[in-house]
Amino acid sequence: MKKIIFSLLYFLITSVTSAQMAIGEWQAHLAYNNVTQTAPAGNLIYAVSDGALFSYNTEDQSISLFNKVNLLSDTGISYIKYSSIHNTLIIVYKNSNIDLLTNESIYNIPDFMNKTMSQDKTLNSINIVGDYAYFSTNFGILILNLKKKEISNTYVLNKKVYSSVVKDNVIYAATADGLYSGKLSDNLLDANNWVLSNAIAFNQLAIFENKIIGNQPNNGIYSFDNNSQELTNIISGNFSYMEVFDNKLIAGNGNSIAIFDHYNSIKYMDLDDNFNHLSYTKINDLYWGSNGDKGLNGYKLNNNKLEKTVSSIIPESPKRNLPYYMTFTNNRLLICGGGMDYDRLNNPGTIMMMENNKWYNFQEEGIKEVTGLDYKDITSVIQDPNNPEHHFASSGGEGVYEFMNRKFVKLYSINNSTLQTIFPKESYKFNYVRTNGLQYDKNHNLWVLNSYVDSVINVLKDDGKWISFYHPELIGKPTFERIIFDKRGWAWITSMRYEPGVFCFNTNGTLEDTSDDKTKFIGSFINQDGTNLGKLKILSIVEDKDGAIWIGTEKGPIVIYNPTNFFDDDFYCTQIKVPRNDGTNLADFLLSNERINAICVDGGNRKWIGTESNGIFLLSEDGLETIHHFTTENSPLLSNKIQSLALNPKTGELFIGTDQGLISYMSDATEGENTFSETAHAFPNPVKPDYTGLITITGLIRDSNVKITDINGNLIFAGNSVGGQFTWNGRNSKGKKVASGIYLVLAADAEGKEGIATKILIIK
């Protein structure tokens, strides 16, 4: 080798790799910006935020996040309740799955989720009595035995039960028809054994100082004497929640709070902060408020007023679980939360950025006041190649927004650009400018797709001038989504639905001279067998390392291996055939039953495929081998519905946008370097005795030849990098774990002209 870079990294790797994820590791990136419920548990305060769970430790002020990567079994939490007797947090998900969190261990009870019922399983509240948790649902009451960790009974009342309590061996159920009761000694599986005790309709019940307390919407809090059946109004008012914590009854409505120290001792106060929920713990005598986007807050009660002592606890996280579109630019992950379909999604205007594991949000407040238009449905976002603080964002109905330093600058629409409204004859009433597909060309011109109009392709030139292109075959198509520029500079543009297809636009390098343009729109592709595939929804498009164009459709991927043939009359695409290898010489079209929402190409030219309902696939370079298939059943993947994919080319971390939020997976491939990096290194290094994962060497040229030897030069292991990264399992070629010692890593390009050498220390 002509060039060797020696690196004794095992002496100094801690500063380089301390935050590096291991190959195969997952990390959830869920939103924690809208706290809606709290559950005190000793010195811990559990909080639900955006359907996710975190805890705050009042002793050391630490925050812990819980998700499918860390302990939990599912996503989308609807309710939590803490049992102090069993030191257990009950977690109920929207799909009726149940987790019990005890001492940092989880016990999953999927029986309720898996139970086939014609009734609505929606949970309204939980009350705990000793070993039992009473789930009040839209069909009746379910009883969970916390000691045995099993469902002990299900009482189908065929009524919506808002809340239930137990007193003197009788269950009381609050329904819209009134308060029903059933003796535990009777067969309560028979709905006829439930009787109407009182016609008053409570929406919440509690036992406080051995009395049944009920909350009646718009009227106030009552006590109910189960012997005399009499009702007594304790306090009037409209309370949205009511709960007992550490012998205090708390009722609130967001703007005011009533705190019962005793049955006949009430503190009532108006609030400066709005609460979704307020709880209390004896530890430090603190009240804990879930204050929506103001986070989790701690309060002391002082002179009949709640004074904030712990302020705005919001974990580092994205603002919303809306990863509809993602792109990676210069070590920044950019995300926007809107898209296009048959109609608007009506998602709030959302642009988020992650850089160095910190999250940042683009301005949202005040934009409507400037533009006079709702700020919503951001469909794509792009960073200016010449200025990292300058961004543009397309929208589902308003035009293109410009931002500087994440602050709104300008809206480009019908009055100051070539963009058009879909209602041209009524533009004075409707400013409906559907835009998407933002992309810069190599000359720093910003391309924009404008759907449902005459001139779909619009360009904001580097000099600030707007131009548009008229192509008759594109007129009026409703959902243009993406633009990619291939290695030749040709633009490939996708039309998603109704009149789906792919449009190729070759300007021949003369943007404003249309005389030499070449264009073609294909609405139905013919495959290599001569089969017309008909009109297929076009959902994703990408160019791979070899210049092939991969297109995701509603019936699997199609590939254009030689894009220069696109303009030929005899052009055809390829549907990859995967041999069955069963002796029949038969094959199946690759993923032909899958809707391909996203495709991403990694440093090894492998394809990550995101589907509508079957998770994510990693395919070999040619698509013939499935290397990984991740679903919610076999991995921490948040949902099998994949909306977007984005790959960090430097680290190999794959970000996966789902309809339940964002998660990432550390793959074993990075983008290959043009030359071997001087910062190339191995991690972990040293390899400690308790480490069982892969050892990774990164910073290599694509498809490097890698050899691992012992200190005497004996060959231990050899292979090729995937992109710019190579992994080793710490075993020799016979599969045996290597002994403690120093091992040399020698990497070279295919011609052996350039390479690096580094060392790995293995400790057993």
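Since this is a predicted model, take the numbers as computed values, not measurements.

Colleague: Got a minute to help me understand the overall build of the chain in this structure?
Modeller: Along its length, the chain carries three helices and 65 strands. Taking 2.2 N^0.38 as the reference for a compact globule, 764 residues should give roughly 27 Å; the C-alpha atoms of the chain span a radius of gyration of 30 Å, in line with that estimate. With respect to the three principal axes, the spread of C-alpha positions in the chain is 90 × 80 × 60 Å. Counting all 764 residues of the chain, 54% fall into the buried class. Long-range contacts, defined here as pairs at least 24 residues apart, represent 48% of the contacts in the chain between residues at least 6 apart. Within the structure as shown, the chain displays about 32,600 Å² of accessible surface, and the carbon and sulfur contribution to it stands at 45%.

Colleague: Is there a simple way to think about the sheet that holds strand β55 (residues 626-630) in this case?
Modeller: Whenever strands of a sheet pair, they do so through backbone hydrogen bonds, lying parallel or antiparallel. Strand order in the open sheet made by the four strands is β52-β53-β54-β55, with antiparallel pairing throughout. Among the strands making up the open sheet, the edge pair consists of β52 (596-601) and β55. Neighbour-to-neighbour, the strand axes of this sheet turn through a mean angle of 15°, independent of strand direction. The pairing of strand β54 (residues 616-619) with β55 spans four bridges and is antiparallel. Looking at the pairing, I616 lines up with F630 of β55.

Colleague: Just checking my understanding: could you explain the nonpolar core for this structure?
Modeller: General note: in soluble globular proteins, nonpolar side chains tend to be found buried as a group. In this structure, W288, W608, I616, L645, L654 and I656 are the most contacted members of the largest nonpolar core, which totals 30 residues. Contact partners of L654, with chain neighbours within four places excluded, come to C600, W608, I616, L645, A646, L647, I663, S664 and Y665. Residues A680, V687, L700 and I701 belong to the second largest nonpolar core, which totals 20 residues.

Colleague: Explain the pairing of strand β9 (residues 98-102) to me, please; I cannot follow it from the model alone.
Modeller: Each regular strand shows side chains that alternate between the opposite faces of the sheet. With five of its five residues buried, β9 lies for the most part within the structure. With burial as the criterion, each face of β9 is covered, one bearing I98, L100 and T102 and the other bearing D99 and L101. With five bridges joining them, strand β8 (residues 88-93) and β9 adopt antiparallel strand pairing. Bridged to T88 within β9 is T102. If you look at the hairpin formed by β8 and β9, you'll find four residues sitting between the two strands, and S96 has a positive phi there, around 80°. In terms of strand pairing, β9 meets strand β10 (residues 105-109) through five bridges, oriented antiparallel. By the bridge assignment, T102 is partnered in β10 with S105.

Colleague: Whenever I open this one, the packing of aromatic side chains confuses me. Can you help?
Modeller: Geometry of an aromatic ring pair is reported as the spacing of the ring centres plus the angle between the planes. All told, the structure shown has 34 aromatic pairs when counted by the stated rule. When the ring of F202 is compared with that of Y222, the centres are 6.3 Å apart and the planes differ by 55°; the resulting orientation is tilted. Here Y222 lies in strand β21 (residues 220-224) and F202 lies in the loop between β18 (195-198) and β19 (204-208), a separation of 20 residues in the sequence. Assigned by exposure class, F202 and Y222 land together as buried. Ring centres 6.3 Å apart and planes at 40° place the aromatic pair F392 and Y412 in the tilted group. In this pair, F392 is assigned in strand β36 (residues 387-395) and Y412 in strand β38 (residues 407-412), connecting sequence segments 20 residues apart. Like Y412, F392 is buried. Through a chain of ring-to-ring contacts, three or more aromatic side chains come together here, namely W490, W492, F525, F566, F567 and F571. If you follow K248 out to its NZ or CZ, it ends over the ring of Y280, 5.0 Å from the centre. Here the basic side chain of K520 rests over the ring of F566, its NZ or CZ set 5.8 Å away from the ring centre.

Cut-offs and rules
- Residues numbered from 1 in each chain as written.
- Predicted model: local features only at pLDDT ≥ 70, side-chain atom pairs only at ≥ 80, totals over all residues.
- Heavy atoms only, no water.
- Helix = DSSP H or I, 4+ residues; strand = E, 2+ residues; numbered from the N terminus.
- Rg over C-alpha atoms; globule rule 2.2 N^0.38 Å.
- Buried < 20%, exposed > 50% of the residue type's maximum accessible area, 1.4 Å probe, protein only.
- Contact = heavy atoms within 4.5 Å.
- Areas by Shrake-Rupley, 256 points an atom, 1.4 Å probe, with all protein chains shown as cover.
- Pairing = 2+ DSSP bridges.
- Axes fitted to C-alpha atoms, helices over the stretch in contact; angles between N-to-C directions.
- Core = buried A, V, L, I, M, F, W, Y, C linked by side-chain atoms within 4.5 Å.
- Phe/Tyr/Trp six-rings, centres within 6.5 Å; stacked < 30°, edge-to-face > 60°.
- Lys NZ or Arg CZ within 6 Å of the ring centre and 35° of its normal.

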